[in-house]
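Results of the structural survey
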Amino acid sequence: MNRDPRRSKTEFNKLHKRLRRQVGQAIVDFDMIRDGERIMVCLSGGKDSYAMLDILQNLQRSAPVDFELIVVHMDQKQPGYPPEILPAYLDKQNIEYHILEKDTYSVVKSVIPEGKTTCGLCSRLRRGTLYGFAEEIGATRIALGHHRDDIVETLFLNMFFGGSLKAMPPKLLSDDGKNVVIRPMAYCKEADLERYAQEMAFPIIPCNLCGSQDNLQRQAIKKMLVDWDRQYPGRTETIFKAISNVSPSQLADRDLFDFASLNAADPIQSEEFEAAFSRINAVNL
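Rules used in this analysis
- Residues numbered from 1 in each chain as written.
- Predicted model: local features only at pLDDT ≥ 70, side-chain atom pairs only at ≥ 80, totals over all residues.
- Heavy atoms only, no water.
- Pairing = 2+ DSSP bridges.
- Helix = DSSP H or I, 4+ residues; strand = E, 2+ residues; numbered from the N terminus.
- Axes fitted to C-alpha atoms, helices over the stretch in contact; angles between N-to-C directions.
- Contact = heavy atoms within 4.5 Å.
- Phe/Tyr/Trp six-rings, centres within 6.5 Å; stacked < 30°, edge-to-face > 60°.
- Buried < 20%, exposed > 50% of the residue type's maximum accessible area, 1.4 Å probe, protein only.
- Lys NZ or Arg CZ within 6 Å of the ring centre and 35° of its normal.
- Right-handed = clockwise from strand over helix to strand, strands pointing away.
- Core = buried A, V, L, I, M, F, W, Y, C linked by side-chain atoms within 4.5 Å.
- Expected span 1.5 Å × (residues − 1).
- Arc of directions from axis to C-beta.
- Salt bridge = Lys/Arg side-chain N within 4 Å of Asp/Glu carboxyl O.

1. Digging into the sheet that holds strand β2 (residues 67–75)
Each strand in a sheet pairs with another by means of backbone hydrogen bonds, the pair being arranged parallel or else antiparallel. Reading across the sheet, the 6 strands line up as β3-β2-β1-β4-β6-β5 and stay open at both edges, with mixed pairing between neighbours. A single partner strand is all that each edge strand has here, and the edge strands are β3 (97–101) and β5 (171–173). Ignoring strand direction, the axes of neighbouring strands in this sheet form an average angle of 25 degrees. Inspection of the sheet shows β2 paired to β3 by 5 bridges, in the parallel sense. By the bridge assignment, D75 is partnered in β3 with E101. Each of β1 (37–42), β2 and β4 (141–143) touches helix α2 (residues 47–62); the most contacted strand, β2, lies at about 165 degrees to it.

2. Some thoughts on the packing of aromatic side chains
Scanning all chains against the criterion turns up 10 aromatic pairs. Between the aromatic rings of F12 and Y196, the centroid separation amounts to 5.6 Å while the plane-to-plane angle is 10 degrees, which identifies the pairing as stacked. You can see F12 sitting in helix α1 (residues 5–29) and its partner Y196 sitting in helix α7 (residues 190–200), a full 184 residues away along the chain. Classification of F12 by relative accessible area gives buried; the value is 18%. Owing to a relative accessible area of 1%, Y196 belongs among the buried residues under this scheme. Ring centres 5.1 Å apart and planes at 80 degrees place the aromatic pair Y50 and Y89 in the edge-to-face group. Of this pair, Y50 sits in helix α2 while Y89 sits in helix α3 (residues 85–93); the two residues are 39 residues apart in sequence, bridging distant segments of the chain. For Y89, a relative accessible area of 14% gives the class buried. Pairwise contacts between aromatic rings join F12, Y50, Y89, Y196 and F202 into one cluster. Here R235 stacks its cationic end above the ring of W228, 5.0 Å away from the centre of that ring.

3. Describing unusual backbone geometry
Non-glycine residue N94 carries a positive phi angle of around 55 degrees. Classification of N94 as exposed rests on a relative accessible area of 72%. Not every positive phi belongs to a glycine, and A201 is a case in point at roughly 55 degrees.

4. Overview of the pairing of β2
Taken residue by residue, a regular strand's side chains alternate between the two faces of the sheet. Counting buried residues along β2, 8 of its 9 residues qualify, which places the element largely inside the surrounding structure. Bridge count for β1 against β2 is 6 bridges, and the pairing is parallel. Residue E37 lies in a different strand from β2, and its bridge partner there is F67. Handedness of the crossover is the feature at issue here: the chain leaves β1, passes through α2, returns alongside β2, and the resulting connection is right-handed.

5. Digging into the nonpolar core
By size, the foremost hydrophobic cluster in this structure holds 36 residues, and its most contacted members are V23, I33, I39, V41, L56 and Y196. For this core, the elements supplying multiple residues, two or more each, are α1, β1, α2, β2, α3, β6 (180–182) and α7. Top element by residues in this core is α2. It accounts for 7 residues. What Y196 contacts, discounting residues up to four positions off in sequence, is F12, L15, H16, L19, A51, D54, I55 and F202. V72, M74, F133 and A139 belong to the second largest nonpolar core, which has 15 residues in total.

6. Remarks on helix α8 (residues 217–231)
A turn of α-helix holds 3.6 residues, and therefore any two residues three or four places apart point the same way. Taking 1.5 Å of rise per residue, 15 residues should cover 21 Å, and α8 covers 21 Å from first to last C-alpha, within 8% of that figure. Taken residue by residue, α8 has I221, M224 and L225 as its buried positions. Relative to the axis of α8, the buried residues are bounded by an arc of 95 degrees and lie together on one face. In α8, the exposed positions angled more than 90 degrees off the buried face are occupied by K223 and R230. Lining the buried residues of α8 we find α6 (148–162) and α9 (235–243).

7. Quick word on the pattern of salt bridges
Applying the stated criterion to the full structure yields 12 salt bridges. D192 is the salt-bridge partner of R18, the closest N and O atoms lying 3.1 Å from each other. Note that R18 is positioned in helix α1 and D192 in helix α7, a separation of 174 residues in sequence. R18 gets classed as partly exposed once you look at its relative accessible area, which sits at 25%. In this structure, E37 and R141 form a salt bridge, with 3.2 Å as the shortest nitrogen-oxygen distance.

The structure is reproduced here in structure tokens:
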């Protein structure tokens, strides 16, 4: 059965408006972009970073503040990497870009034993290069394409495999204090971004390092969340809300809450409280 082109157009417009609204809201909520910002957009060649660039360009045309977008992509010298795809796409967009050539692939393969997860080392090497280049071009913000599902998956990865309660914040100051990282798509669902990428026909460049590995911890977490959401629709969204609704006194981190000085009131204070409470009840009755 052929799809009604008018309905398809309407559905895409709704999707685009939703993503645009969510990105705009995240930018406002976390004060990600101010007037005069120079944003380094990290374009991996995957669906998420393509969508981020497209939506930021769209917002740039109507935003009440002026900001600059500079696209940066890392050619990590992976086998089969197609070097012509991104330049061709970006030239059409008439946007400034830089291709950084860094053979992190060989480094990762030489250090990580066969069958072990390469994502951690790969991301650290990539991040170090990008942070340094951001300083070189005077970027005031580094935009990464992580979405809501990435953030929730990272929460469980750290809980299950790292013994820590942390995820990916929408806005982050780098450890050296020199770079501010933003995740404008923190409120966007991966399923929406997949649909958007298909409709926009982005020229996707597959990852032949991390993306080629089976039985990754993140893949196991992703499957768990998909199963949960299938059984209890909306669970992932609820978990994401929990990340921004934290009660340190209800956890057990002594650095976040002063449990040591937490004591019950002395007997005199307790008696005064009970008397006051009784008077209030008497009035209400």
